[in-house]
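Structure assessment
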Amino acid sequence: MRKSAGKLCIFFLAASTGFMGLGFTLFAQDAGRISVSGVLDSSVTMGAGAGDASRFYYGLEEYANLRLQARLRDRAIFYGALNFIAASGYPAQNASSWGLYQEQEGLSPSSYVSGEHYIAGMELERLYFRVNGESLDLDGGLIRIPFGYGQVWGSSDFLNPRNPLIPDSRPRGVLGAGLAWYPQDETKLFFFGAVPKNPFAADGSGGLGGLSAERHWEKFSVQTLYAAESPRPGSAHGLHRAGLSVKADMILGWVFDMLYTANPEAGSSADGLSAGAGFDYSFYDGKFIAMAEYLYNGAASSTSINSGNVLGFSNENYLFTSLSYILNDYTTLTVSLVSLFDDLSFTPMLSAEHDLFQGLTLSLSAQMPMDSDLFRGDGNRGELGPLPPGSSAGSYFNLDAKVKLRF
């Protein structure tokens, strides 16, 4: 298995490197066709801390995502994206939430600089090329490789972990390549490869490769996925992942998304299963949109924190529910609830968005974690509560006000 996954990964990465060099040379000759777009977020955060956190905290953050695109005739495109962040107060204390680094595989938080008044950081978010053919598309570089139709939990989207409690987080990219083949209309085969999580793994241990197949009908879509990961240091076996994702439009918009992670060293176990299922429904002429999605989170699954997912979860049974009210073309109100049934903890969320004019949005969001200890003082701290087990600091209430400018 190590040889097959390693060869597939090497093939894609070699193609990625070659085309990247060719792409930069050609795009330099056609630089007049470069376009720039992006997002600028200015936010103020305040709240009430729990545990060792300050009883009252606040802070400011300035965040920009700058995207570059250059097209070479009608066959190739270069993409790039950068994140710029400056923060003070509470957001600076929680710099790891920026996504500038991940505290795993031996990496350390060194991607920001500090001084008086604020700390600042910059992150390369995307850097890749795309070559379009008649029935083939090739992507390579620092890219996002998404899987599945899940709207909330993303069980099969194992390379791009999600967490509904952090709705504004942008999925990190991976160094890799993907080849999409369209043998007929509404049918797609996707071959992919990616480097290991540990960027210092010079022997390629932990690299992965795989295949997904996708088919769309008028009101029904299905995607299957298989990925093989070569053994990491200290392990004699690699990981195998198999997934299935389905969506259907039958009065309600249904979705099912699952991924099973098999570890031969651990034997056969349901702990490797992550599965989500839910629906969305609009009514009163689209003024209201209701959504619900359940997650079963196995202890060794793609959505578990035990598997190295820094945005993962520690328990098994979760439910996300939300109701949005579209007041008019400019204003939307949403109330959401993330529930954990294993320890009876909850996080209600309230958000409001208003488009002041095209390209400028004002938003306000609030979260209030709850568990049994909050109401009874019985020491039963929940994962979604103010002070999760194993944590020395948390939050009783968090409020975030933001101005978003799109350009």
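Residues numbered from 1 in each chain as written. Predicted model: local features only at pLDDT ≥ 70, side-chain atom pairs only at ≥ 80, totals over all residues. Heavy atoms only, no water.

**Let's talk about the overall build of the protein**
Counting secondary structure elements, the protein contains three helices and 19 strands. For the protein, long-range pairs separated by at least 24 residues make up 54% of all intrachain contacts whose partners lie at least 6 apart in sequence. (Helix = DSSP H or I, 4+ residues; strand = E, 2+ residues; numbered from the N terminus. Contact = heavy atoms within 4.5 Å.)

**A look at the pattern of salt bridges**
Applying the stated criterion across every chain, the model contains nine salt bridges. Two residues, Asp157 and Arg162, come together in a salt bridge whose shortest N-O distance is 3.4 Å. Here Arg241 ties to Glu229 by a salt bridge, and the two come within 3.0 Å at their closest N and O atoms. Note that Arg241 is positioned in strand S11 (residues 239–250) and Glu229 in strand S10 (residues 220–229), a separation of twelve residues in sequence. Across the pair, Glu229 and Arg241 agree in class, each one buried. Taken together, the shared-partner salt bridges in this structure form one network comprising Asp41, Lys402 and Lys404. (Salt bridge = Lys/Arg side-chain N within 4 Å of Asp/Glu carboxyl O. Buried < 20%, exposed > 50% of the residue type's maximum accessible area, 1.4 Å probe, protein only.)

**Brief notes about a nonpolar patch on the surface**
Taken together, the side chains of Ile34, Val36, Leu68, Leu405 and Phe407 make up a nonpolar region of the molecular surface, amounting to roughly 430 Å² of accessible area. Of note, Ile34 is situated in strand S1 (residues 34–51). (Patch = residues over 30% accessible without salt bridge, like charges linked within 9 Å, V, L, I, M, F, W, Y side chains within 5 Å. Areas by Shrake-Rupley, 256 points an atom, 1.4 Å probe, with all protein chains shown as cover.)

**Details of the pairing of strand S17 (residues 345–357)**
Note: strand S16 (residues 331–340) against S17, ten bridges, orientation antiparallel. Its bridge partner being in S17, Thr332 is matched across the sheet by Glu353. The turn joining S16 and S17, which pair antiparallel and follow one another in sequence, is formed by four residues; a positive phi near 55 degrees is taken by Leu344. Bridge count between S17 and strand S18 (residues 360–367): eight bridges; the pairing is antiparallel. The partner of Glu353 across the bridge, within S18, is Ser363. Linking two consecutive strands that pair antiparallel, namely S17 and S18, is a turn of two residues; a positive phi of about 100 degrees is found at Gly359 within it. (Pairing = 2+ DSSP bridges.)

**Side note on the nonpolar core**
Ile145, Phe147, Phe158, Leu159 and Phe192 are the most contacted members of the largest nonpolar core, which totals 17 residues. Secondary-structure elements contributing two or more residues to this core are strand S3 (76–89), strand S7 (174–184), strand S8 (187–194) and S10. In terms of residues, this core owes the most to one element, S8, which gives three residues. Among the nonpolar cores identified, the runner-up in size contains eleven residues, and Leu295, Phe313, Tyr318 and Phe320 belong to it. (Core = buried A, V, L, I, M, F, W, Y, C linked by side-chain atoms within 4.5 Å.)

**Remarks on the pairing of strand S12 (residues 252–262)**
Here eleven bridges tie S11 to S12, and the two strands are oriented antiparallel to one another. Across the sheet, residue Leu244 finds its bridge partner in S12, namely Met258. Linking two consecutive strands that pair antiparallel, namely S11 and S12, is a turn of one residue; a positive phi of about 65 degrees is found at Ile251 within it. Note that S12 and strand S13 (residues 273–283) share eight bridges and pair antiparallel. If you follow Met258 over to S13, its bridge partner there is Ala275.

**Focus: the packing of aromatic side chains**
Counted by the stated rule, this structure contains 17 aromatic pairs. Aromatic pair Trp153 and Phe313: ring centres 5.4 Å apart, planes at 75 degrees, arrangement edge-to-face. One end of the pair, Trp153, is in the loop between strand S6 (136–143) and S7; the other, Phe313, is in the loop between strand S14 (288–297) and strand S15 (317–326), with 160 residues separating them in the sequence. The rings of Tyr281, Phe283, Tyr284, Phe288 and Tyr325 are connected pair by pair, giving a single aromatic cluster. (Phe/Tyr/Trp six-rings, centres within 6.5 Å; stacked < 30°, edge-to-face > 60°.)

**Looking at the confidence of the model for the protein**
Residues with a pLDDT of 70 or more make up 87% of the protein, whose mean pLDDT is 87. Across residues 1–32, confidence stays below pLDDT 50; counting only partners more than four residues off in sequence or on other chains, it has 51 contacts. Residue range residues 97–110 is modelled with pLDDT below 50. Its contacts to residues more than four positions away, or to other chains, number 34 contacts. (pLDDT = per-residue confidence, 0-100.)

**Focus: the side chain of Ser205**
Tracing the sequence through the fold places Ser205 in the loop between S8 and strand S9 (208–216). Ser205 gets classed as buried once you look at its relative accessible area, which sits at 5%. Of note is the side chain of Ser205, whose polar atom sits 2.8 Å from the side chain of Asp203. In contact with Ser205, other than residues within four places in its own chain, are Pro196, Ser230, Pro231, Arg232 and Pro233. (Polar contact = N/O pair within 3.5 Å; in protein donor to acceptor, adjacent residues only side chain to side chain.)

**A word on the side chain of Asn160**
Mapping Asn160 onto the fold places it in the loop between S6 and S7. At a separation of 2.9 Å, a polar atom in the side chain of Asn160 contacts the main-chain carbonyl oxygen of Ile145. A polar side-chain atom of Asn160 sits 3.0 Å from a polar atom in the side chain of Asp157. Ignoring sequence-local partners within four residues, the contact set of Asn160 consists of Arg144, Ile145, Pro146, Pro171 and Arg172.

**A few points about unusual backbone geometry**
Phi is positive for Ile251, which is not a glycine, with a value near 65 degrees. Within the secondary structure, Ile251 sits in the loop between S11 and S12. Residues other than glycine seldom take positive phi values, yet Leu344 does so here, at roughly 55 degrees. Mapping Leu344 onto the fold places it in the loop between S16 and S17. Its relative accessible area of 52% is what places Leu344 among the exposed residues.

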